[in-house]
Structure formats: structure tokens, C-alpha cells
Amino acid sequence: KQEREMDIELNAHDLIMAAHHAGIIEGVKSLQLKNGDIKNNRISRQSDFGIHYVGMLGEVAVSKTLGIPLRTDVTIGGDGSIDMTHQDQTIQIKTSTRPTTPTPRLMIFNSVEDFHTDWAILCSIQNAYTVRIHGFASKRKFVSNVVTHEFGYGTRYCMDEKLLTPINRFHEASELFGASK
């Protein structure tokens, strides 16, 4: 673990809450798919529930760490990439199931335009109950440092984790960002 990273231990309540919300999201999404309201853009071999569960684990860990409430509403087509809101600033959590790869770890978006929020936070699942928070970046910082990678399923837009700001500096950065709006 790098000095800038933070490991968050999730308890039984956290895990059940993540599974509960992932199940609700999965249920709504399956109805929307069945009704033709949305299409499934999944590129992973993971089930939709698995993808939502991993995402919720990252969101629960960040919520616990920063004291920001979880977003539990479900909308047509998902959350619009807004996983949390803090002081009128939007946050997207990117969570990987791979505890150690790729090296260097990358914050990955399908396109630069997919960074819809003010902030993005990178997490990874370390084991069944531990989430590592690697750090965060503003959209401006991501755009300034973006590199492209080819993973075999199309070009992706990435930022090296070494460029992320440690999560313990999020509130300070958020206050500065809010003052500049």
C-alpha cells in the first residue's frame, strides 16, 4: 500500500447495505432492459449485480471515510455517473475488483466526456471486506493528465494513480473548489 492510500474495513452492516442497494439497482435495471428503456453497455464478464455490488462497496467506503451520505435513489439509466454530492459538488467513484493490477493503477474512463462530475475517486477491492481508496482528482486535473490506453476493447482515457491526491485532503480541496465556483 502506498502512503497516499487508505484501506477501509467494511463491517457486516456495510456489506449488507451495499448488497441491498446493488440488488435494488439490478432489479430496476433488469426491468428497464426488459421494457427497452435502456440498453446494456456492459463490457465486463461480471454479472450486472456483481458490477453494482463492487461499485456500492467503493461508495460505502468513501461515504464512511468522508462522512458524505450514500446516494440511494435509482433513476432511469442509472445514476448519471453521480455517485455522491457534497456541498453542491458531484463525485463519481471508480472501483476496481483487481487488488493489485494494472501497475501502475489507473483511473479509467471510456471517454474524457464520461468524467461527468466535479471529482472522481479511485478505489479497489482488496478482499471481501476491505476497500482501498487510492485518491481523487478533479475533472480539470484528469483532463490535464489524461493518457490513452488500449485494453483490447477500445481506447480508454486514463490517469496514473501517482497523480491522485490523497483522500484525507478531499474536504480541503472541496472547500477550495467551492470557493472558486
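Residues numbered from 1 in each chain as written. Predicted model: local features only at pLDDT ≥ 70, side-chain atom pairs only at ≥ 80, totals over all residues. Heavy atoms only, no water.

Engineer: Which parts of the structure should I look at to understand the environment of Ala19?
Structural biologist: Relative to the assigned elements, Ala19 resides in helix α1 (residues 12–34). Residue class for Ala19 comes out partly exposed when judged on its relative accessible area of 28%. Put simply, Ala19 and His52 are 33 residues apart on the chain and 8.5 Å apart in space, counted from C-alpha to C-alpha. For Ala19, the contacting residues outside a window of four places in its chain are Phe49 and Tyr53. (Helix = DSSP H or I, 4+ residues; strand = E, 2+ residues; numbered from the N terminus. Buried < 20%, exposed > 50% of the residue type's maximum accessible area, 1.4 Å probe, protein only. Contact = heavy atoms within 4.5 Å.)

Engineer: Please clarify how the pairing of strand β8 (residues 155–160) should be interpreted in this entry.
Structural biologist: Consecutive residues of a regular strand have side chains that alternate between opposite faces of the sheet. With 4 bridges connecting them, strand β4 (residues 106–109) and β8 associate as antiparallel partners. Within the sheet, the bridge partner assigned to Phe109 lies in β8 and is Tyr157. Taking the residues that link successive antiparallel strands as the turn, the strand β7 (residues 147–150)-β8 hairpin has 4 residues, and the phi of Gly152 there is positive, at about 100 degrees. (Pairing = 2+ DSSP bridges.)

Engineer: How should the sheet that holds β8 be read in this particular structure?
Structural biologist: To summarise the sheet geometry, strands pair through backbone hydrogen bonds and adopt either a parallel or an antiparallel arrangement. Strand order in the open sheet made by the 3 strands is β4-β8-β7, with antiparallel pairing throughout. Taken across any chain shown, the strands that pair with only one partner, and hence form the sheet edges, are β4 and β7. For this sheet the average axis-to-axis angle between neighbouring strands, irrespective of direction, equals 40 degrees. Of the strand pairs in this sheet, β7 and β8 are connected by 4 bridges, and their pairing is antiparallel. The partner of Glu150 across the bridge, within β8, is Thr155. (Axes fitted to C-alpha atoms, helices over the stretch in contact; angles between N-to-C directions.)

Engineer: What is the right way to look at the nonpolar core in this model?
Structural biologist: Generally speaking, nonpolar side chains in soluble globular proteins are found buried as a group. The biggest cluster of nonpolar side chains holds 27 residues, and the ones touching the most others in it are Val62, Ile91, Ile121 and Phe170. If you list the elements that add at least two residues to this core, you get α1, α2 (48–66), β3 (89–96), β5 (119–127), β6 (130–138) and α4 (170–180). Apart from residues no more than four positions distant in its own chain, Phe170 is found in contact with Leu66, Ile68, His86, Ile91, Trp119 and Phe136. One finds Leu122, Ala137, Met159 and Leu164 within the second-largest nonpolar core, a separate group that totals 9 residues. (Core = buried A, V, L, I, M, F, W, Y, C linked by side-chain atoms within 4.5 Å.)

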